[in-house]
Amino acid sequence: MRVSSTVYPPSAPAAPHPGNAGIPTAVRPQTPALPAFSAFGAEALALAHRRHVPIFLLIGEQTEELADASVAAQLAERTVAVQLFPGERPDVELLCQRAGAMFSEEGALPLCALLLPDGRPFLAAPLPPPGFPLDPARLFVWLTHADRRYMQNLPALVGQASEVVRSLRAEPLRKPCTPEDAAHLLTRALNAIEDKRSGGFGAVKAPFVCGLRFLQHAAARGSRAAHASLNRTLDAMLSSALLDPLDGLFFRSTLTDDWRVFVPEKPLGVNAMLALILLDAGRREEAVRTLNTLISAFPLQGGALSPSLRAPRQTYAFTPQQVCAALGSEDGLRACRLLSLLHKDARPLPELAPSRFSPMPTAHAQREEQEKPLCPTLSPSVTPEDAAFLRRVFPALLRVRAARARQLPAPRADTTECALASAILAACGQRLGETRYTQAAQRAVAALCALPPAQSAPAGLPPSIAPTSPLRAQATCGASAALSLALLTLGRGEGMDEYAAGGLRLLYASLHAFVRPDGLVMHTPEDAAAWFPRVPALMDGELPSPAALLTHALRLAQAMRPDDSGFSDAAEAIWHAAAPCAHAQPLSCAGLIDAMTAQPFTP
């Protein structure tokens, strides 16, 4: 699985619209030195074709390092510089991530890629994640070599781009593959990549929520191996640097195989999924802490939920002296011991370059790093008495942290993440009997439903991000499927029939817009993507794939209307078209496999 580090920068002030008046229109600080980036679209592709140059695509936020004179000149003279907001075009992100994985052995976001004038990527590599510096000289060298390759080896690069597109197409199956067959293959694949020593899956540790949810449902069906694997991973996550113990939220990823060196960004969708997983795993206290922080820290003006919280790494770090000053000597030393804040017990951080564009660490920098404050990490041997003590002292430490650079929510709402989190908040609110979670879900869904619909798409489909200009508004399957799932989940409550009706309408529109007659699910509608290679929406990223979200919504609709067989028929058609990909790459399709095998349905 590739880790996706998502940021949401604005490119220009969006025109106010009555439908999105409640969501703040963010404005990037005007820095004249930054190179001008165009919007991703047909105009940028046509300009690259006229100039006979590649497109430089930035998926992420413009940083000050891009104002380096040599980098800016290279971008302006030898490329057409284009920027995408993560979440705006998931099909483009998937292609670029696949190009990075194939030719750079890396595929994380934020990411830069070089594209042919027809929009196909032939080279991509991730930029350093938030909280880590970018070396402009390394990016300049990459651009220079890439430009020479483009001018001298264009036929080879065209073949390389075609290979990227072909890699997402699975060979037809010789015999049928049922969801149960795919679940068996996924179980074997998870067992093969599980880290039995440190817990989790793979080398770069991230919350593989699709795999964890599948293991949870497999454990509910009686699999002891799945139950043991799930608990090993949850235990490792809860006692690692991935968790911020003060507010109960999880960071996006850690960059080492032993869950250290976290990326200082907390994603909404991943934390919502983890809250649901923790709740179903019997870890109610941890789940409730995460849910409480979700409804208090992520809301934007108008009720929508921000896709992430970000702060400098220093915000999360404490010295023993700071803890003792806040809690007193006796309580402070006890808290330092339980939170692993004593330098004598801390292991040195590894030398780490998060991407090829990161400056290489030096011995002096490593010595300075070891002298810095440490980030709290829960001890795995915390007793119930220790846990009660930590709950009592956490508010004081949070007040100390609040005086530093604050955790800021991303200014844009990602419709897919916001709607998925709303569905989970509604489900948890119904299960726990907590109306505050249900009300937060209602506010978020109301904000999304009030957005102006995306242009060049069937009426009623929401844009993938908001606020955004009408010209950049793009309808995506993930956004529509997640919002339909949220509406249907709310519709299960007493007196919520209007939500259920709205969810069914949106579900019908999504099936019409994004599902081909043969059942294959696409990221974007047919007409809006005619100039770009259409990419099947079957692969999971951090969150379940659009096809998985659509299948979850179909199965929930079938449970609400058992007499209507159309929903189950649509789910079967989607699976039939997706089965070759699920058979060939079960890890990449874990969300869809789980959606087809989970009984009974839960978001």
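Residues numbered from 1 in each chain as written. Predicted model: local features only at pLDDT ≥ 70, side-chain atom pairs only at ≥ 80, totals over all residues. Heavy atoms only, no water.

**Focus: helix H8 (residues 224–238)**
1) Next: Over its 15 residues, H8 runs 21 Å from end to end, which matches the ideal 21 Å to within 8%, given 1.5 Å per residue.
2) Next: Of the positions making up H8, those classed as buried are Ala-226, Ser-229, Leu-230, Asn-231, Thr-233, Leu-234, Ala-236, Met-237 and Leu-238.
3) Next: Where H8 is buried, its residues meet helix H7 (209–220), strand E6 (243–244), strand E7 (249–250), helix H9 (268–280) and helix H10 (284–297). (Helix = DSSP H or I, 4+ residues; strand = E, 2+ residues; numbered from the N terminus. Expected span 1.5 Å × (residues − 1). Buried < 20%, exposed > 50% of the residue type's maximum accessible area, 1.4 Å probe, protein only. Contact = heavy atoms within 4.5 Å.)

**Digging into the environment of Ala-311**
1) Next: Topologically, Ala-311 is positioned in the loop between strand E9 (308–310) and helix H11 (320–327).
2) Next: On a C-alpha basis, the gap between Ala-311 and Met-522 in space is 35 Å, while along the polypeptide they are 211 residues apart.
3) Next: Residues contacting Ala-311, with those up to four places away along its chain left out, are Pro-264, Tyr-316, Ala-405, Arg-406 and Gln-407.

**Notes on the packing of helix H15 (residues 415–432) against helix H17 (residues 477–490)**
1) Next: Axis separation between H15 and H17 bottoms out at 8 Å; the angle between their running directions is 20 degrees. One way to sum up the angle between H15 and H17 is to call them roughly parallel. The chirality of how H15 crosses H17 is left-handed. On H17, the residues touching Thr-415, Thr-416, Ala-419, Leu-420, Ser-422, Ala-423, Ala-426, Ala-427 and Gln-430 of H15 are Gly-478, Ala-479, Ala-482, Leu-483, Leu-485, Ala-486, Thr-489 and Leu-490.
2) Next: For the contact of H15 with H17, the residue count by class is 11 nonpolar, six polar and no charged. (Axes fitted to C-alpha atoms, helices over the stretch in contact; angles between N-to-C directions. Parallel < 35°, antiparallel > 145°, perpendicular 65-115°, else oblique. Left-handed = near helix turned anticlockwise from the far one by under 90°. Nonpolar A, V, L, I, M, F, W, Y, C, P; charged D, E, K, R; others polar.)

**A look at the side chain of Thr-233**
1) Next: Along the chain, the position of Thr-233 falls in helix H8.
2) Next: Dropping the residues within four chain positions of it, Thr-233 is found in contact with Gly-200, Phe-201 and Leu-212.

**Side note on the state of the cysteines**
1) Next: Scanning all chains against the criterion turns up zero disulfides.
2) Next: Summary of cysteine pairing: Cys-428 is not part of a disulfide, and the nearest cysteine sulfur, belonging to Cys-418, is at 15 Å.
3) Next: Cys-589 takes part in no disulfide bond, and the closest cysteine sulfur to it belongs to Cys-581, at a distance of 3.6 Å.
4) Next: A relative accessible area of 1% places Cys-589 in the buried class. (Disulfide = S-S within 2.5 Å.)

**Considerations on the packing of H7 against H8**
1) Next: At a minimum axis separation of 8 Å, H7 and H8 run at an interaxial angle of 140 degrees. With respect to their mutual orientation, H7 and H8 come out oblique. Where H7 crosses over H8, the two elements pack in a sense that is left-handed. Of H8, the residues touching H7 (which contributes Leu-212, Leu-215, Gln-216, Ala-218 and Ala-219) are Ala-226, His-227, Ser-229, Leu-230, Thr-233 and Met-237.
2) Next: A per-class count over the contact of H7 with H8 returns seven nonpolar, four polar and no charged.

**Brief notes about the nonpolar core**
1) Next: The biggest cluster of nonpolar side chains holds 141 residues, and the ones touching the most others in it are Leu-57 and Leu-550.
2) Next: Not counting chain neighbours up to four residues away, the residues in contact with Leu-57 comprise Phe-40, Val-82, Gln-83, Leu-84, Val-92, Cys-96, Leu-111, Cys-112, Ala-113 and Leu-115.
3) Next: Residues Leu-66, Val-71, Cys-112 and Leu-157 belong to the second largest nonpolar core, which totals 23 residues. (Core = buried A, V, L, I, M, F, W, Y, C linked by side-chain atoms within 4.5 Å.)

**Observations regarding the sheet that holds strand E1 (residues 38–39)**
Note: strands within a sheet are paired through backbone hydrogen bonds, in either parallel or antiparallel orientation.
1) Next: Reading across from one edge, E1-E3-E2-E4-E5 is the order of the five strands in this open sheet, with mixed pairing throughout. Strands at the two margins of the open sheet, each flanked by one partner only, are E1 and strand E5 (121–126).
2) Next: Pairing analysis gives five bridges linking strand E2 (residues 55–59) to strand E3 (residues 80–84), with the strands arranged parallel. Across the sheet, the residue bridging to Ile-55 is Val-80, located in E3.
3) Next: Helix-sheet contacts for helix H3 (residues 90–103) involve E2, E3, strand E4 (111–115) and E5, and the interaxial angle to E5 is about 80 degrees.
4) Next: Most of the contacts of helix H4 (residues 136–152) go to E5, to which it runs at about 170 degrees, and overall it touches E2, E4 and E5. (Pairing = 2+ DSSP bridges.)

**Details of the pairing of E2**
1) Next: Here E2 lies mainly inside the structure; five of its five residues are buried.
2) Next: The side-chain alternation of E2 yields two buried faces, one formed by Ile-55, Leu-57 and Ile-59 and the other by Phe-56 and Leu-58.
3) Next: Where E2 meets E4, five bridges bridge the pair, whose relative direction is antiparallel. Of the residues in E4, the one forming a bridge with Phe-56 is Leu-114.

**Concerning the environment of Val-158**
1) Next: Along the chain, the position of Val-158 falls in helix H5 (residues 154–166).
2) Next: The partly exposed category is assigned to Val-158, whose relative accessible area is 31%.
3) Next: Separated by 169 residues in sequence, Val-158 and Leu-327 place their C-alpha atoms 62 Å apart.
4) Next: If sequence neighbours within four positions are ignored, Val-158 has contacts with Leu-116 and Arg-120.

**Side note on the pattern of salt bridges**
1) Next: In the structure shown here, the tally under the stated rule is 24 salt bridges.
2) Next: Put simply, Arg-401 and Asp-244 hold a salt bridge, and the shortest N to O gap is 2.7 Å. Of the two residues, Arg-401 sits in helix H14 (residues 384–402) while Asp-244 sits in strand E6, which places them 157 residues apart along the sequence. In terms of burial, Arg-401 and Asp-244 fall into one category: buried.
3) Next: In this structure, Glu-265 engages Arg-252 in a salt bridge whose closest nitrogen and oxygen atoms are separated by 3.1 Å. Taken together, the residues Glu-265 in strand E8 (residues 265–267) and Arg-252 in the loop between E7 and E8 connect sequence positions 13 residues apart.
4) Next: Owing to a relative accessible area of 0%, Glu-265 belongs among the buried residues under this scheme.
5) Next: The network of salt bridges with common partners includes Asp-244, Asp-247, Lys-266 and Arg-401. (Salt bridge = Lys/Arg side-chain N within 4 Å of Asp/Glu carboxyl O.)

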